[in-house]
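Per-entry structural report
In case you want the letters, here they are:
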Amino acid sequence: MSLQIEHVTKRFGDFTAVNDLSLTVGEGAMYGFLGANGAGKTTTFRMILGLLTPNEGRITWNGKPISYATSPHIGYLPEERGLYPKMKVEEQLLFLAELRGMKRSDAKREIGGWLDRFEVPQYLNKKVEELSKGNQQKIQVIAALLHKPKLIILDEPFSGLDPVNVEMLKKAILDIRNSGATIVFSSHRMDHVEELCEQFSIIDHGKQIVSGTLKEVKRSFGKQNVRIRSDFKLDALAGLPGVNSVKPTVEGAVYQVDSDETAERLLTEALKAGPVRQFEIEEPTLQDIFIAKVGKEHA
Amino acid sequence: MREFWIIFKQAFMTKARTKSFVITTVLVVAGIFLLSNLPRILDSIDGIGGDEPTTLKVIDASGQLGDPLTAVLQANESDITVEPTEESEKDLEKQVRSEDIDSFLTLYLDETNTIQAKYTTLSSIETSLPETLRNALQTVQAGVKADELSLSSEQVDSLFTQVNFEKNNISASAKSEDELNQARILVYILMFVIYFAVILYSGMIATEVATEKSSRVMEILISSVSPVKHMFAKVLGIGTLGIVQIVLYGIAGFIAFKTSPSEATEGIGSFFNFTDINPMTLVYAVVFFLLGYFLYATLAALLGSLVSRTEDVQQMIMPMTLMIVAAFILAASGLGNPELVYLKYASFFPFFTPLVMFLRVGMLDLPMWEPLLAIAIMLVTIFVLGWFGARVYRGGVLMYGPSRSLKDIKKAIQLGKE
């Protein structure tokens, strides 16, 4: 049950929205899509859903192209609202669940459980437009998950939610992942991706500029920070090969280096000069990687 | 097909359950009953309003006009009582000014034995009383003149013998005058129904599609069901809603006119006496309503799929609305003379056909091929529009941004293909 995207390119006229994108999401995996606004995330999702056809490449789910026959197994949360403002919560969820091939009676039973879980059972007979943005988002998540899809696509699921609700939704998503569903989601919140995803891609202007598991990406980023605290001046160390930049701190400096070897050499050199109080190799955060990669592309 | 019915049901039920739909339906049904009982209601109001026996003070200078006037008024079953008075004109004028009396009449015969009458009143809108008096005086005058010429009453009668005038239209397509008058009213009513239904429901569809688009529900919908299916389910769902509503009105109207008192059918009801109507007119009304609806609804869905915000819907469907209005104006212009040449041409233009061809087929005896050809043209247009609409729709529903012009159709087709 894996989702496979192979060399997919999507052009609108002269504009290339997605350029040669390839990735594989294994069954039961959670895949993160990072990218600035307009990077091509939503276009990619629309292609996965079959709303748009790629100009080149192919997208398969279990080795078969995605079609309307597959749609009962897919859950989709569009970027915003995604609900009828004037329909009541229950009617709406029943309608969307039925469309995804669920039996009305089954759906009715499940809805209660979900609303309780998200602590909003009182909204069952309220119109969606009467709900706050956060509560609407909860209803929308229910709509995407209700029919127990095998492949779930979430476009910015956490936007507009307070931290308590974010935790609640994260837990729901993790639970459904643990029950075997494959999940692809996009975000521009690095911490969510870092926390939830085994694998991810960073997309910029339609190009996949980084992809892989978190560990691989961090390793191959080739830049890590080395923090040294000492009682003496560390100026001499700045000239070592492999050191990209130095940021002085109160009692030492933070060096950005290109490899583990450089970090080791830094330590050796520092120890030669005198006692070192602290030496730490800091892994780059996703934030660093994103800014470095996307920022460079923009430059 | 399952998804088709789910969307059909959703389009129908959510609209049918809205307050505005229920209220409109109830109000119109109430209006139909009110209208059908209008004569009875008016009769009961009459007691309060006017028509009480009126007493009119008359200054009769000649002294020989008062009695004949009373006699004529009585013969006409008028409820005006003439009260001869000796009071002076000035006194009476004062009484009128102070509103003690409504009016008075001054009469005298001039040197040629012609009645000179003056009706004095404060009211400027009263027309029926002076008119009744004038007619009565005319009769009195005739009597005076007849006396002068020493004519017997038979001779007078023979002078006023009515001409026998009969209209005999031998044009192949014309209907008899009676038929035509009845047809005119029926056609007029049905034209209104078709016009409003088409404007109302196609507007509803465009708004509905735009709402789904702006709320992004559309993306969920069309990832479960093809845009084409979605579009036609929507058009059919709301169309069925319209038919249900109109059938309700029809039943209400039928019951209302059947149950309204017989005297009422002699009043306004006699307008609605459709006994001589060709049942084919009703069949054509249904056919043209359905075709007109589907034509405009498909167009509306197409246009609705191009806008991203419900606020832009009205602007987008404006050309379509203007087309319906034009059709209505054309058809209305033909109510008086359905044989106008331009109507013949207009009735074959699919967007005008539902109203204009219906007018012609309802009021003229057209050769069978004319309505059939128009229906065929409409069916082809609906088919083409449906096919074209589906292509635009596929892309249109995915298009966001400030799109609000017809140029976007090209963009939408492009996107739909990709």
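Along each chain, the written sequence defines residue order, and numbers are assigned to residues from 1. Chain letters and ligand numbers both follow the written order, the letters beginning at A and the numbers at 1. For this predicted model, a pLDDT threshold of at least 70 governs which residues receive local features, and a threshold of 80 or more governs which side-chain atom pairs are given and counted, while totals over whole chains, interfaces and linings are taken from all residues.

1. A short note on the overall build of chain B
The secondary structure listing takes helices from DSSP runs of H or I that are at least 4 residues long and strands from runs of E that are at least 2 residues long, numbered from the N terminus. The helix and strand tally for chain B stands at 17 helices and four strands. Burial statistics for chain B: of 418 residues in total, 33% are counted as buried. Whether two residues are in contact is decided by their C-beta atoms, placed from the backbone, lying within 7 Å. Summarising the internal contacts of chain B: among those between residues at least 6 apart in sequence, 77% fall at separations of at least 24. With C-beta atoms placed from the backbone, a residue is labelled by how many other C-beta atoms lie within 10 Å of its own: buried for 20 or more, exposed for 12 or fewer, partly exposed between the two.

2. Some remarks on the overall build of chain A
Across its full length, chain A carries nine helices and 14 strands. Across its three principal axes, chain A shows a C-alpha extent of roughly 75 × 45 × 30 Å. A separation threshold of at least 6 residues defines the contact pool for chain A, and within that pool the share at least 24 residues apart is 71%.

3. Regarding the packing of helix α2 (residues 89-99) of chain A against helix α3 (residues 104-117) of chain A
Residue and element names in this part refer to chain A. Two elements in contact, α2 and α3, have axes separated by 9 Å at closest approach and are oriented at 130°. The orientation of α2 relative to α3 falls into the category oblique. α2 and α3 meet at a crossing whose hand is right-handed. The residues of α3 that touch α2, namely those facing Glu90, Leu93, Leu94, Ala97 and Glu98, are Arg104, Ala107, Lys108 and Ile111. Fitted lines through C-alpha atoms give the axes, limited to the stretch in contact for helices. The angle between two N-to-C directions lies from 0 to 180 degrees. An angle below 35 degrees is read as roughly parallel, one above 145 as roughly antiparallel, one from 65 to 115 as roughly perpendicular, and any other as oblique. By convention the crossing between two helices is left-handed if the near helix lies anticlockwise of the far one by an angle smaller than a right angle, and right-handed if it lies clockwise.

4. Observations concerning the sheet that holds strand β1 (residues 54-60) of chain B
Note: strands within a sheet are paired through backbone hydrogen bonds, in either parallel or antiparallel orientation. Residues and elements named next belong to chain B. Ordered by their spatial adjacency, four strands build an open sheet running β2-β1-β3-β4, and the pairing between neighbours is mixed. A strand with exactly one partner marks an edge of an open sheet, and here the two such strands are β2 (80-84) and β4 (115-121). In this sheet, neighbouring strand axes are inclined to one another by 30° on average, regardless of whether the strands run parallel or antiparallel. Should DSSP find at least two bridges between two strands, the strands are regarded as paired. Relative to β4, strand β3 (residues 103-109) runs antiparallel, the two sharing seven bridges. Paired with Leu109 across the strands is Ile115, a residue of β4. Sitting on the sheet, helix α5 (residues 89-97) is in contact with β1, β3 and β4, with an inclination near 155° to β3. Across the face of the sheet, helix α6 (residues 128-148) comes into contact with β1, β2, β3 and β4 while running at roughly 165° to β4.

5. Quick look at the sheet that holds strand β12 (residues 243-249) of chain A
Residue and element names in this part refer to chain A. Pairing in this open sheet of four strands is antiparallel, and the strands run β12-β13-β11-β14 from one edge to the other. Strands with a single pairing partner mark the edges of an open sheet, and in this sheet they are β12 and β14 (276-282). Strand-to-strand, the axes of this sheet are offset by a mean angle of 15°, without reference to chain direction. Note that strand β11 (residues 224-230) and β14 share six bridges and pair antiparallel. Looking across to β14, one finds that Arg227 is bridged to Glu280.

6. Concerning the domain arrangement of chain B
Marked domain ranges trace back to an automatic or database domain assignment. Each domain of chain B was delimited in the assignment, giving domain 1 (2-33 + 175-417) and domain 2 (54-159). Between domain 1 of chain B and domain 2 of chain B, the C-alpha centre-to-centre distance is 58 Å.

7. Topic: the nonpolar core
Counting residues in hydrophobic clusters, the biggest one holds 140 residues, and the most contacted among them are Ile153(A), Ile205(B), Ala297(B), Ala300(B), Ala301(B), Leu355(B) and Phe358(B). Per-element tally for this core: the top contributor is helix α12 (residues 279-304) of chain B, with 15 residues. In this structure Ile205(B) touches Lys234(B), Val235(B), Ile238(B), Ala297(B), Ala300(B), Ala301(B) and Gly304(B), once residues within four positions along its chain are discounted. For the purposes of this analysis, a nonpolar core is taken to be any set of buried Ala, Val, Leu, Ile, Met, Phe, Trp, Tyr and Cys residues that are connected through C-beta atoms within 7 Å. The next biggest cluster of nonpolar side chains, apart from the first, holds 14 residues, and it includes Leu65(B), Val82(B), Leu137(B) and Val140(B).

8. Concerning the pairing of strand β2 (residues 15-25) of chain A
Residue and element names in this part refer to chain A. When strand β1 (residues 3-12) meets β2, the two strands line up antiparallel, connected through seven bridges. Residue Leu3 lies in a different strand from β2, and its bridge partner there is Val25. Counting the residues that bridge the hairpin from β1 to β2 gives two residues, and of these Gly13 lies at a positive phi of roughly 60°.

9. Some words on the interface of chain A and chain B
Contacts between the two partners involve 24 residues from chain A and, on the opposite side, 17 residues from chain B. Those elements that provide at least two residues to the side of chain A that touches chain B are α1 (41-49), β6 (74-77) and α2 of chain A. Of all the elements, α2(A) adds the most residues to the side of chain A that touches chain B, at four residues. Charged residues are taken to be Asp, Glu, Lys and Arg, nonpolar residues to be Ala, Val, Leu, Ile, Met, Phe, Trp, Tyr, Cys and Pro, and polar residues to be all remaining types, Gly included. A breakdown of the residues in the side of chain A that touches chain B according to their chemical character gives 14 nonpolar, four polar and six charged.

10. Brief notes about the packing of α2(A) against helix α1 (residues 2-16) of chain B
Where α2(A) meets α1(B), the closest approach of the two axes is 9 Å, and the angle between their N-to-C directions is 160°. Comparing the axis directions of α2(A) and α1(B) gives the class roughly antiparallel. The handedness of the crossing between α2(A) and α1(B) is left-handed. For the pair α2(A) and α1(B), contact is made by Phe95(A), Glu98(A) and Leu99(A) and by Glu3(B), Ile6(B) and Gln10(B), respectively.

11. Observations concerning the confidence of the model for chain B
Residues and elements named next belong to chain B. For every residue, the predictor assigns a confidence score, pLDDT, that lies between 0 and 100. Taken as a whole, chain B shows an average pLDDT of 81; of its residues, 87% reach a score of 70 or greater. Segment residues 263-269 is flagged for pLDDT under 50; beyond a separation of four residues in sequence, or across chains, it makes 13 contacts in the model. With pTM at 0.73, the complex prediction returns an ipTM value of 0.78.

12. Thoughts on the domain arrangement of chain A
Examined at the domain level, chain A breaks down into domain 1 (3-215) and domain 2 (222-283). Measuring from the centre of the C-alpha atoms in domain 1 of chain A to the corresponding centre in domain 2 of chain A gives 43 Å.

13. Quick notes on unusual backbone geometry
All names here are of chain A. Positioned with a positive phi, Asp20 is a non-glycine residue whose angle comes to about 50°. Within the secondary structure, Asp20 sits in strand β2. By C-beta crowding, Asp20 is classed as partly exposed, having 14 other C-beta atoms within 10 Å. A positive phi angle, near 45°, is found at His205, a position not held by glycine. Checked against the element boundaries, His205 lands in the loop between β9 (199-204) and β10 (207-213).

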